[in-house]
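Here's the letter readout for the chains.
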Amino acid sequence: MWSPTEEEKYGVVICSFRGTVPQGLVLELGETVQILEKCEGWYRGVSIKKPSVKGIFPANYIHLKKAIVSNRGQYETVVPLEDSVVTEVTATLQEWAVLWKQLYVKHKVDLFYKLRHVMNELIDLRRQLLSGHLTQDQVREVKRHLTVRLDWGNEHLGLDLVPRKDFEVVDSDQISVSDLYKMHLSSRHSVQQSTSQVDTIRQRHGEACRMPVPHHFFLSLKSFTYNTIGEDTDVFFSLYDVREGKQISERFMVRLNKNGGPRNPEKIDRMCALFTDLSSKDMKRDLYIVAHVIRIGRMLLNDSKKGPPHLHYRRPYGCAVLSIMDVLQSISEIKEEKDFVLKVYTCNNENEWCQIHENIIRKSSTKYTAPSSNYGLIISLQLLRGDMEQIRRENPMIFNRGVAVTRKLGFPDVIMPEMKIVGCDIRNDLYLTLEKGDFERGGKSVQKNIEVTMYVLYADGEILKDCISLGSGEPSRSAYHSFVLYHNNSPRWGEIIKLPIPIDRFRGSHLRFEFRHCSTKDKGEKKLFGFAFTPLMRDDGTTLSDDIHELYVYKCDENSTFNNHALYLGLPCCKEDYNGCPNIPSSLIFQRSTKETFSVSTQLSSTKLTQNVDLLALLKWKAYPDRVMDILGRLRHVSGEEIVKFLQDILDTLFVVLDDNTEKYGLLVFQSLVFIINLLRDSKYFHFRPVMDTYIQKHFAGALAYKELIRCLKWYMDRSAELVRQDHIQEAMRALEYLFKFIVQSRILYSRATCGMEEEQFRSSIQELFQSIRFVLSLDSRSSETLIFTQAALLNSFPAIFDELLQMFTVQEVAEFVRGTLGSMPSTVHIGQSMDVVKLQSIARTVDSRLFSFSESRRILLPVVLHHIHLHLRQQKELLICSGILSSIFSIIKTSSLEGDVVEEVEMMVESLLDVLLQTLLTIMSKSQSQEAGEYVSCLLSLLRQMSDTHFQHLLDNFQSKDELKEFLLKIFCVFRNLMKMSVFPRDWMVMRLLTSNIIVTTVQYLSSALHKNFTETDFDFKVWNSYFSLAVLFINQPSLQLESATPPKRKKILDKYGDMRVMMAYELFSMWQNLGEHKIHFIPGMIGPFLGVTLVPQPEVRNIMIPIFHDMMDWEQRKNGNFKQVEAELIDKLDSLVSEGKGDENYRELFSLLLLEKIEQETWRETGISFVTSVTRLMERLLDYRDCMKGDETENKKIGCTVNLMNFYKSEINKEEMYIRYIHKLCDMHLQAENYTEAAFTLLLYCELLQWEDRPLREFLHYPSQSEWQRKEGLCRKIIHYFNKGKSWEFGIPLCRELAIQYESLYDYQSLSWIRKMEATYYDNIMEQQRLEPEFFRVGFYGRKFPFFLRNKEYVCRGHDYERLEAFQQRMLSEFPQAIAMQHPNHPDDSILQCDAQYLQIYAVTPIPDNIDVLQMDRVPDRIKSFYRVNNIRKFRYDRPFHKGPKDKENEFKSLWIERTTLTLTHSLPGISRWFEVERRELVEVSPLENAIQVVENKNQELRTLISQYQHKQMHGNINLLSMCLNGVIDAAVNGGIARYQEAFFDKDYITKHPGDAEKITQLKELMQEQVHVLGVGLAVHEKFVHPEMRPLHKKLIDQFQMMRSSLYHELPGLDKLSPACSGSSTPRSNVLVSHGPMSPESIKLLHRHSPLNMLGSVRHSSSSLSSHTSSETGNLVILTDSSVGETAEDMYHMQASPSTSSLSSTHSAPSQMINSAPSSARGSPSLPDKYRHSREMMMLLPAHRDRPSSAMYPAAIMENGQPPNFQRALIQQMIGPCKPCSDPNLSVAEKAVPAAPSSWSLDSGSREALPFLSAHAGSVLAPPVPPRSLPHGHYSLHFDAFHHQLSDAPPALPARTLRKSPLHPIPASPTSPQSGLDGSNSTLSGSASSGVSSLSESNFGHSSEAPPRTDTMDSVPSQAWNTDEDLETPYLPVRYSLSEPDVLESLKSQPCRSHSAPSGVIPQDTMDPPALPPKPYHSRLPNMENEEGMMIEDDDKHRPLHRKASQPVSGAKEEQARVAWEHGISEQ
């Protein structure tokens, strides 16, 4: 049973749960959950991430945490009960984790690793915080580290800054905006330990200096590895200042044994010291750590004789130094110890021992000896900062090691109050330095070894125990023995000893020094020979002064007794002493040795003893009653250190003196008191202020002192107007705080003692004192500089007395005192700037004082404070201080408002400040002073936030006139606008920005009612309303309010706290708009753009509110003007710029249309309205597409298409000329970037055409300067001509050259005219001389709703790039639309595809239909010129699809093969402003078989005539291979049955009977055949003339075959033999040919030829490289033949035999690329295709390509029976001619080139690109312009022909076609049927052969047995595998020799068998002599006027191009007979 949980409310997932149970909640490790119910080990609840999804999860997967539950029940909220910092760290880490991974993806590696480190640190610190084992100080430190790291990470990740107080996130509702601003500032870089508010205030106003932080060195001796001594040693460490040449610290002593370890075993690892109290100044000094090593042992180390072994002496050994400056950097950076090695150097001369450290530092290497190794003292150092208490707290381990605290000599820079007042230890140290001695030799031959022994003795002669310390780290001792210098009577020791003598034993004690000579003889005695002494305190009570003391040496010996110390104490100890007592008896026991001296120096560091006589005199003033005045006066000369040491004693003395005689000593005591108080202001003694406070509270006893202090103070103030020197007055003013403390405490003591007597007198005296204060402040100080300083001192000290006064007076009374005082200050105008600052600082301290926190006092003080601030703000002076005061006031008021009522105070502030604040802000913002702006903005916002309805009401009611109100509204709206525009607060101050927005929207709601009420009707004011609307628009568009870009948690947080403020403002805006009424018209069109910007905000509610406003605007303009042109124009203009900025989306477009259409439906002007809305909606579609294209990584094509679309829309639909021109230039820039120079030129031409040749001035626009229209047009023309030149489109540039020439000529600008004419001439030269590539053209269909609007469900024709074939093009398209699916069929898609949410691409190649046919029909026009017109200015394109109509004749399928021809008409001609244009119209026509045959024959005739004409007119120079190939192809194809198929099909009696209407066409076909024979005769005559001697055998063969051809047609065409008698026999002399025909003129050709324009059109597109009749678009028959074999039986394959016919060379072109790509050229459909083959080919087109699916014609796959390619043909053609056709062949139809020519079995394009360089290098003069022709040695033909003797055996298994998935290069279907069906005019079918040329080709490979069963066209018959012609690309070509000079070319090629490299292994060469099994069938008739471009239907006016066809088999006798019969029958029928 599920029951609600009571305690278990909140938990963390500790194990991921997959939610595998019913209603299970999927949980990830680390997620937090809110638990609602529980049941038997399961919980039910929600994840905090997804609070809407409830589910169950196991209880043991959850770690429960304590939480606070509020609003228990269904809607309860749960907040975890944990430290807020922990909560923040958890949330932040979760947020960072996502961003952290993105850093890696974006390659921001450095930040990635840094952030990982910080995240790990945060996790570790969080763990420490949660452990609960930290002290409060440690918790504080951990939180500090956490927050610093959180802020660092947020800043680097671009997240929001988090304002904090005491490490916790502040609630912006609980503090004033000013405080929030300051917290943002302080959090800007890192969170530092927060200081109290008082400290921050004090620092801000500059009263107190920061206490300097003391530094400490921690030193630890690790070991002494210098083991050569072999004796015990003492090592003394100290700090030494090189510049001053003195030690600055005590010594740290370490006692080591002879092994280098500590003598005391307990000291192991504890030999450490802390050198304390180094100031920052000390750290800058040149300090060294100096270590002196003293050995304890024999006199001489290496001489065992010197001294007995039992006597040990302290002897100097060596010294080591380390520069602190050198290591400071390294030890400052790390927080742990760092090791150093100190080399120990030995002294060369012991006499210089005292200077050894200086010599080592100075590197005086002659005076010391370096050690033999690098070893020495190994120490570690660490630098620590902070006071000792902090050091102990932070480094407990150091103090646990028994560290020796080693003090600085003397007091530190900052003296801490270690006095008995505060109960601290007393310091009383005397540092004594043994300086030097000078002793007599005493009759000895050598100098003495002197040892000094020192004792401290008390007055009674007792030796004081443990009062001598050699160094810290070792216990004190009772006696001191100096080290001994060997044989030295003038030793220099320089050894410092500390004497920590108890204070009570100090007076009366003395020091005694005993001098002994240490003998090195056997006994080793130490002989006493003298002594010296000195008392520690003088007779006057002062201690030994800090100086060098030269002591007298008295002689004595071992027998002398010191028991009676009085015997020598009466003697003088030094020279000063001697001068003091001259009468010394001479008969004393001890005689002074006058030649011997001994010097010591002392330094006292004592908190209780003084060396100052004046101070001592003051403390003992009663002993000198006459000198009191003098003593008090001399107090000023006592040093500060002495005074603070005896502070309590001095103060007690002063007040006792005051009580003794007030009249006499009062003023002097007052002055002394002022001096001491001011001394404590010094930073060195600042920390004695608490000592003074403690004294006043607990020890001060002067109950009557207040009267005198008040009197003196008043006296000083009253004199200030008279005195010139006011130093003492200023000092008194500075001491005001403590003087008042004494006054008040004194009065309290008096009152306590007298039960409140004299209260009135006291009050009146204070009142009088305040009158004096006001008097001082009211004086005019302009004339007196000293007075200014007095006033400044008074003002500085004044706020400090408030707290004292509050002890004696009520809050109101003190407030009145203060108000009077502040009010007495002159106004700003009358005093100087420095006083302004002081005055404001005083006011600031007043505001920050405790007094101001009381609401009673605020009501009194606020007016005067505000008055002064108002004055300063009015004059724009001291703005920073004023802002500080204001922010303090707002902070106090905010705090008070949480507890009580502050209405009255806020009212005061509104009246005084609001207007001047606005004015100040406007001034500051105009100067862009960001810091001041931030301060004042926060003040203004604080004030506005405190204002309630009442305040706003009063404010608005108080305006005297509407003008005043208007001015106020304009100001505040302007400030708000600037706030949003200037970004006063940085981007990451999100808390501040949101609060600002909230305050603004609230304020605007209050003000909008006033605006409506006062400025709507008759008093309408445009300016105010406009300002209001602008503000509202800016507000809604603020970046910080666009919540869509925020993370979900952040969005939720903002919405919970503030709601969506954009919606609030939008409602307000809409409401105000509605209130405008008829005045709305004033804002049309001005506010259209801004409102449009608002509606584009991606917030549905805002859009719903705002979009209807546009309807309102349209309505009002319609009412006023009868139309809404302004709204329309403005909306369209602004829409463009706003959308391009990234605003708006698809939803907006739909909503805009929906809402407005709904509103417009009701209107009378609905038609124009609907039209307009539709237009805008369509513009939005285009703009959104344009933006998406531009901002994404889209390809240039997409961007260009999009821009064209948008540009056309601006021009055609909404007629926006300026926008149109802008986009023209954008489009031009894109074209230039993509190097589409021709398109760039056409684009600029659009702008040029808008201009006229006039002198009208034009304004500056885009990058054009101000100039005349003529100049701009001229500049444009020149630029356009330049671009046409770069794009090699000279024909387009020439008209512009002419246009410019006319202009220049009319202006007589002959220089420019000359230039432009030369340019024009150059272009003509370029046309004739430079090679240009003919582009291919592709039709692309874009289907599906995922495409952008400008493409969606449309079809385009695209102009390909240079060298780009179908495969490359389709790959490019697929890469541009990576989501698109390539359609696997060419059929028009149905609705399911058009409407689906996907992208489908359908691509195939198309053939251009040129418009300019005239030039193409001219015979003498060079092909380079024609080439241009074939592929430029093209608006119509076609593609063909073959199909069967009616029953198929198995014997001759040409009878039923029709062509479906589709013609596409574009919106614009190509090339144009884009590389692609939309298809405007489609037309379908069907071409009958007979028409097809006519077209094919006619095209071939035209091609032959053109070629012959070119040779006759010497347009083709040199090699005549082209003519040879062409003749060979036609004649050989005809011999082998080329035209015979047509005879069988159309001259048959049955056909003629069934088609009586075709009689004329049949006659036409017969005439064409006759014509062909005649043309061939002329061609042979020309060939005879130019043929190379080596090629004579070929010519002979052609003559022979021509005779065979004529004879085969003899009976069908009577008189045919008469056409060409010269060619009737092989024995006929060659000259006969020439004689009988002569050179054939174009005119004679025309006589023979049918003059249809189409015939000419077809004929001109011959190729200079025409090598084969089987691959071009005219070869559809053959193409299909390949296909026709698909799926045939093995028997069919068996019957297919190759023919040795040369007809394969008759065609001029390689397969059109689209054919090649969409299916192997063998699979191209043809008009004469038999049904079963046609079916197979069509199926190939439709099916997907994959191993396990039918191979698709979408992919280049040459397919034959059983999927085998006709590779023997492919190989031969590729070997011979394939590489020879460059893709730029000008004779190719565009479609032939437009697609990558995948090598197919019929393609000569395969490898054409690779062959270009090779070809141009070898072909020489054979090349036809502008590309190398396929001119080859005749021998190639033999090779080719021989190849066809091979038969096909069983085909091997087909290779799998590539799928789109695996290979990006697979093409999309080239056309609906892919093959061009062999309809090109160049088809070899027309080449004239014994049988029809085309049919012979088909039969050559695809002859099938007569038994083959008829086939129906079913999809299922297509084989499932195809051989992909892609493989052919890798086929190695046979090495082809192009040199025509080789005599053996022909023979070598003849003898070579076919090497079909690309054929599968199943193609087996057969014996070339075997005749085919069956005669070829008639096949593949041609229709007139058809160009077979890859199976694409072409209209009758299309141009044609020959295709290369394979030769057919030799016609067998039976077939020949049949053909003749059929022919004769046809003739007889006619």
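Here goes a summary of the coordinates provided.

## Quick look at the pairing of strand 5 (residues 54–58)
Across the five residues of strand 5, four count as buried, placing the element largely inside the fold. Here strand 4 (residues 42–47) runs beside strand 5; their pairing, made up of five bridges, is antiparallel. In the strand pairing of strand 5, Gly45 is matched with Gly55. Counting the residues in the hairpin turn of strand 4 and strand 5 gives six residues.

## Considerations on the packing of helix 47 (residues 1269–1286) against helix 48 (residues 1290–1306)
Where helix 47 meets helix 48, the closest approach of the two axes is 9 Å, and the angle between their N-to-C directions is 150 degrees. Relative to helix 48, helix 47 is oriented roughly antiparallel. Like other packed secondary-structure pairs, helix 47 and helix 48 cross with a definite hand, here left-handed. Of helix 48, the residues touching helix 47 (which contributes Trp1270, Lys1273, Glu1274, Cys1277, Arg1278, Ile1280, Ile1281, Phe1284 and Asn1285) are Trp1290, Phe1292, Gly1293, Leu1296, Cys1297, Glu1299, Leu1300, Gln1303 and Tyr1304. In the contact of helix 47 with helix 48, the residues fall into eleven nonpolar, three polar and four charged.

## Some points on the sheet that holds strand 29 (residues 548–555)
Strand order in the open sheet formed by eight strands is 25-24-27-28-29-30-23-26, and the pairing between neighbours is antiparallel. Each edge of the open sheet is held by one strand with a lone partner, namely strand 25 (479–481) and strand 26 (492–499). Within this sheet the neighbouring strands show an average axis-to-axis angle of 25 degrees, counted without direction. Inspection of the sheet shows strand 24 (residues 450–457) paired to strand 25 by three bridges, in the antiparallel sense. Each bridged residue has a counterpart across the sheet, and for Thr453 the counterpart in strand 25 is His481.

## So, helix 49 (residues 1310–1329)
Taking 1.5 Å of rise per residue, 20 residues should cover 28 Å, and helix 49 covers 28 Å from first to last C-alpha, within 8% of that figure. Restricting attention to buried positions, one finds in helix 49 the residues Ser1312, Leu1313, Ile1316, Met1319, Glu1320, Tyr1323, Asn1326 and Ile1327. For helix 49, the angular spread of the buried residues around the axis is 145 degrees, confining them to a single face. Exposed residues lying more than 90 degrees from the buried face of helix 49 are Gln1311, Lys1318 and Glu1329. Those residues of helix 49 hidden inside the fold are in contact with helix 47, helix 48 and helix 53 (1423–1431).

## With respect to the sheet that holds strand 15 (residues 272–278)
Read across the sheet, five strands follow the order 18-21-11-15-22 without closing on themselves; strand pairing throughout is mixed. A single partner strand is all that each edge strand has here, and the edge strands are strand 18 (338–343) and strand 22 (404–406). Within this sheet the neighbouring strands show an average axis-to-axis angle of 30 degrees, counted without direction. Summarising the sheet, strand 18 and strand 21 (residues 376–385) pair through six bridges and their orientation is antiparallel.

## Concerning helix 29 (residues 879–899)
In this model helix 29 runs 30 Å from its N-terminal to its C-terminal C-alpha over 21 residues, within 8% of the 30 Å that 1.5 Å per residue would give. Judged by how many residues are buried, helix 29 sits mostly within the fold: 16 of 21 residues are covered.

## Examining the pairing of strand 8 (residues 77–80)
Consecutive side chains along a regular strand alternate between the two faces of the sheet. Residues Val78 and Pro80 point to one face of strand 8 and are all buried, whereas Thr77 and Val79, pointing to the other face, are not buried. Inspection of the sheet shows strand 7 (residues 67–70) paired to strand 8 by four bridges, in the antiparallel sense. Across the sheet, Ala67 pairs through a bridge with Pro80, a residue of strand 8. Hairpin geometry of strand 7 and strand 8 is characterised by an intervening segment of six residues between the two adjacent antiparallel strands and by a positive phi of about 60 degrees at Asn71.

## Here's the deal with the nonpolar core
In terms of nonpolar packing, the biggest core is built from 311 residues, with Phe742, Phe1029 and Phe1091 touching the most fellow members. If you tally residues by element for this core, the top one is helix 30 (residues 903–927), at 13 residues. Excluding its chain neighbours within four sequence positions, the residues that come into contact with Phe1091 are Phe1029, Val1033, Leu1069, Trp1073, Met1106, Ile1109, Phe1110 and Met1113.

## A look at the pattern of salt bridges
One pass over the full model with this rule turns up 91 salt bridges. Note that Glu1334 and Arg1430 form a salt bridge whose closest N and O atoms lie 3.7 Å from each other. Separated by 96 residues along the polypeptide, Glu1334 in the loop between helix 49 and strand 33 (1337–1343) and Arg1430 in helix 53 bring together distant segments of the chain. Accessibility assignment for this pair places Glu1334 and Arg1430 in one class, buried. When salt bridges with common partners are traced through the structure, they connect Asp241, Glu244, Lys246, Asp282, Arg285 and Lys408 into a single cluster.

## A closer look at the side chain of Asn1432
Inspection of the secondary structure puts Asn1432 in the loop between helix 53 and strand 37 (1434–1444). Within the structure, Asn1432 has its side chain in polar contact with the backbone oxygen of Phe1428 (distance 2.9 Å). In this structure, Asn1432 is in contact with Phe1292, Arg1359, Leu1470 and Pro1471, ignoring residues within four places of it in sequence.

## Focus: a nonpolar patch on the surface
A grouping of Ile68, Val79 and Leu81 is seen on the molecular surface, where their side chains present a nonpolar patch of about 280 Å² in accessible area. The topology assignment puts Leu81 in the loop between strand 8 and helix 1 (84–105).

## Some points on the environment of Ser824
Along the chain, Ser824 falls in helix 26 (residues 811–824). Residues Ser824 and Val776, spaced 48 residues apart in sequence, show a C-alpha to C-alpha distance of 9.2 Å. Leave out the neighbours within four places in its chain, and Ser824 touches Arg774, Leu777 and Ser778.

## Some remarks on the packing of aromatic side chains
Tallied over the entire structure, the rule returns 68 aromatic pairs. Ring plane angle 20 degrees and centroid distance 4.2 Å describe the contact between Phe952 and Tyr1006, whose orientation is recorded as stacked. Residue Phe952 is found in helix 32 (residues 949–957), and its partner Tyr1006 is found in helix 34 (residues 990–1014); the two are separated by 54 residues along the sequence. Plain terms: the ring middles of Phe1292 and Phe1428 are 5.3 Å apart, the flat faces sit at 65 degrees to each other, and that makes the pair edge-to-face. Of this pair, Phe1292 sits in helix 48 while Phe1428 sits in helix 53, and the two are 136 residues apart along the sequence. Phe1292 sits in the buried class, given a relative accessible area of 13%. Among the residues examined, Phe1428 registers a relative accessible area of 5% and is labelled buried. Ring-pair connections join several aromatic residues into one group, and the members of that group are Phe973, Phe1020, Phe1022, Trp1025, Tyr1028, Phe1029, Trp1073, Phe1083 and Phe1091.

What counts and how
Starting from 1, residues in each chain are numbered consecutively following that chain's sequence as written. Whole-chain, interface and lining totals are the exception, using all residues; otherwise, since this is a predicted model, local features are given only for residues with pLDDT of at least 70 and side-chain atom pairs are given and counted only at 80 or more. For the side-chain quantities, the full set of heavy atoms in the structure was used; hydrogens and water were omitted. Exposure is judged per residue with a 1.4 Å probe applied to protein chains only, and the accessible area is read against the type maximum: over 50% gives exposed, under 20% gives buried, and values in between give partly exposed. In this text, helices come from DSSP runs of H or I with a minimum length of four residues, and strands from runs of E with a minimum of two, each type numbered from the N-terminal end. The pairing criterion is simple: DSSP has to find at least two bridges between the two strands. Axis lines are fitted to C-alpha atoms, over the contacting stretch for helices. Their N-to-C directions set the angle, which ranges from 0 to 180 degrees. To sort the angles, those under 35 degrees are grouped as roughly parallel, those over 145 as roughly antiparallel, those from 65 to 115 as roughly perpendicular, and the leftovers as oblique. Handedness of a crossing is defined here by the sense of rotation of the near helix relative to the far one, left-handed for an anticlockwise turn of less than a right angle and right-handed for a clockwise turn. The contact criterion used throughout is that any non-hydrogen atoms of two residues lie within 4.5 Å. Gly counts as polar in this scheme, as do all residues outside two lists: the nonpolar Ala, Val, Leu, Ile, Met, Phe, Trp, Tyr, Cys and Pro, and the charged Asp, Glu, Lys and Arg. How far a helix is expected to stretch is found by multiplying one less than its residue total by 1.5 Å. Arc definition: it is the arc formed by the directions from the helix axis to the C-beta atoms. Only buried Ala, Val, Leu, Ile, Met, Phe, Trp, Tyr and Cys residues count toward a nonpolar core, and they belong to the same one when joined by side-chain atoms within 4.5 Å. The working definition used for a salt bridge is a side-chain nitrogen of Lys or Arg within 4 Å of a carboxyl oxygen of Asp or Glu. Two N or O atoms count as a polar contact when they lie within 3.5 Å, although within protein this holds only if one can serve as hydrogen donor and the other as acceptor, and sequence-adjacent residues are included solely when both atoms are side-chain atoms. Within the patch definition used here, like charges are joined within 9 Å and nonpolar side chains (Val, Leu, Ile, Met, Phe, Trp, Tyr) within 5 Å, considering only residues with over 30% relative accessible area and no salt bridge. The Shrake-Rupley method, run with a 1.4 Å probe, gives the accessible areas here. Residue values count only the displayed protein chains as cover. Any two of the Phe, Tyr and Trp rings considered here, Trp counted by its six-membered ring, make a pair once their centres fall within 6.5 Å; the pair's planes then place it as stacked at under 30 degrees, edge-to-face at over 60, or tilted in between.

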